[in-house]
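Listed below are the residues making up each chain.
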Amino acid sequence: MHEDRRALWKDSRLLLIGVIILAMALAEGTANDWLPLVMVDGHGFDPALGSTIYAVFAAAMTIGRFSGGWFIERFGRPAVLCASGVFAAVGLALVIFVDSQVVAAAAVLLWGLGASLGFPVAISAAGDSGPDSAARVSLVATAGYVAFLVGPPALGFVGDEYGLRAALLIPLVFVVIAAMVAPLIGGRRRAPVLVEEA
């Protein structure tokens, strides 16, 4: 069993999938923990509107997960994961760099759509990446859960020092990397995945 685990750590494709999961989980977890405060402190929304914008993010996530299967069937997992990273990166960049409430609120849609498919689609890709799918999923899921648990508190620390908008540079860098490596994971072009159940 230990030898099998060591072999998984040498599987470059699986490790790339782990990078994608870490990045997209960080993008999702950051929004879950910090998006309303980013909108209030970083863009001057009142608290009620900041919470409403988070609801927009959650709605975009839901739409992405329910509609994602259609895109996966037609374009394949690598293309969908690449597009997810690009959408999330554009959304984050607009929130960080553009001083406009309208742009920031609209950017949250892109951020939510981009983050919606990253984790479930990458988990599915890990399961299909080779033998012993359970061990493969366990390995990459750990990266995702670490990002969920450790990422937001770390961003809060950075935000205390430099501001929350500046702290968003961290998930931005990660999702850009995810978009760049997604085409390298290969796999089946057509993948019948029910991402809304992931």
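Residues numbered from 1 in each chain as written. Predicted model: local features only at pLDDT ≥ 70, side-chain atom pairs only at ≥ 80, totals over all residues. Heavy atoms only, no water.

Draft legend 1. Expanded view of the packing of aromatic side chains. As enumerated under the stated definition, the model contains 7 aromatic pairs in all. Consider the rings of Tyr54 and Phe57, whose centres lie 6.0 Å apart with planes at 25°: the pair is stacked. Taken together, the residues Tyr54 and Phe57, both in helix α3 (residues 47-75) and 3 residues apart, mark about one turn of the helix. Under the relative-accessibility criterion, Phe57 is labelled buried at 1%. Between Phe57 and Trp111 the ring centres are 5.8 Å apart and the planes differ by 75°, which places this aromatic pair in the edge-to-face class. (Phe/Tyr/Trp six-rings, centres within 6.5 Å; stacked < 30°, edge-to-face > 60°. Helix = DSSP H or I, 4+ residues; strand = E, 2+ residues; numbered from the N terminus. Buried < 20%, exposed > 50% of the residue type's maximum accessible area, 1.4 Å probe, protein only.)

Draft legend 2. Molecular detail of the packing of helix α2 (residues 12-43) against α3. Where α2 meets α3, the closest approach of the two axes is 7 Å, and the angle between their N-to-C directions is 150°. On the basis of the axis angle, α2 is roughly antiparallel to α3. Crossing geometry of α2 relative to α3 is assigned as right-handed. Within the contact between the two elements, α2 uses Glu28, Ala31, Asn32, Leu35, Pro36, Met39 and Val40 and α3 uses Pro47, Gly50, Ser51, Ile53, Tyr54, Phe57, Met61 and Arg65. (Axes fitted to C-alpha atoms, helices over the stretch in contact; angles between N-to-C directions. Parallel < 35°, antiparallel > 145°, perpendicular 65-115°, else oblique. Left-handed = near helix turned anticlockwise from the far one by under 90°. Contact = heavy atoms within 4.5 Å.)

Draft legend 3. Quick peek at a nonpolar patch on the surface. A grouping of Ile63, Val86, Phe87, Val90 and Leu113 is seen on the molecular surface, where their side chains present a nonpolar patch of about 390 Å² in accessible area. The element contributing the most residues to the nonpolar patch is helix α4 (residues 77-97), with 3 residues. Mapping Val90 onto the fold places it in helix α4. (Patch = residues over 30% accessible without salt bridge, like charges linked within 9 Å, V, L, I, M, F, W, Y side chains within 5 Å. Areas by Shrake-Rupley, 256 points an atom, 1.4 Å probe, with all protein chains shown as cover. Salt bridge = Lys/Arg side-chain N within 4 Å of Asp/Glu carboxyl O.)

Draft legend 4. The arrangement of the pattern of salt bridges in detail. Evaluated as defined, the whole model comprises 3 salt bridges. Arg77 is the partner of Asp128 in a salt bridge, and the nearest nitrogen-oxygen pair spans 2.8 Å. You can see Asp128 sitting in the loop between α5 (101-127) and α6 (133-162) and its partner Arg77 sitting in helix α4, a full 51 residues away along the chain. Looking at Asp128, the relative accessible area reads 39%, which means it is partly exposed. Accessibility expressed as a relative area gives 3% for Arg77, which makes it buried.

Draft legend 5. Quick look at the nonpolar core. Judged by nonpolar contacts, the single largest core of 53 residues is most densely connected at Ile17, Ile20, Met39, Phe57, Trp111 and Val175. Elements with a minimum of two residues in this core: α2, α3, α4, α5, α6, α7 (164-167) and α8 (169-181). The leading source of residues in this core is α2, at 13 residues. (Core = buried A, V, L, I, M, F, W, Y, C linked by side-chain atoms within 4.5 Å.)

Draft legend 6. Main features of the environment of Met39. By the secondary structure assignment, Met39 is in helix α2. Between the C-alpha atoms of Met39 and Arg165, which are 126 residues apart in sequence, the distance is 9.1 Å. Setting aside residues no more than four positions away along its own chain, Met39 makes contact with Gly44, Phe45, Gly50, Ile53, Val95, Ala104 and Val108.

Draft legend 7. Representation of α2 in the model. The end-to-end C-alpha separation of α2 is 40 Å, well short of the 46 Å expected for 32 residues at 1.5 Å each. Two residues or fewer after α2 comes Gly44, characterised by a positive phi angle close to 80°. (Expected span 1.5 Å × (residues − 1).)

Draft legend 8. Inspection of α3 at higher detail. Helix length check: α3, at 29 residues, gives a terminal C-alpha distance of 40 Å against a target of 42 Å (1.5 Å per residue), a fit within 8%. Ser67 marks where α3 bends most, by close to 45°. Residues Gly50, Ile53, Phe57, Ala60, Met61, Gly64, Arg65, Gly68, Gly69, Ile72 and Glu73 constitute the buried set of α3. The N-capping residue of α3, defined by a side-chain oxygen 3.0 Å from the backbone nitrogen of Ala48, is Asp46. Directly after α3, the chain includes Gly76, whose backbone phi takes a positive value near 90°. (Bend = angle between axes of the 7 residues up to and from the residue. Polar contact = N/O pair within 3.5 Å; in protein donor to acceptor, adjacent residues only side chain to side chain.)

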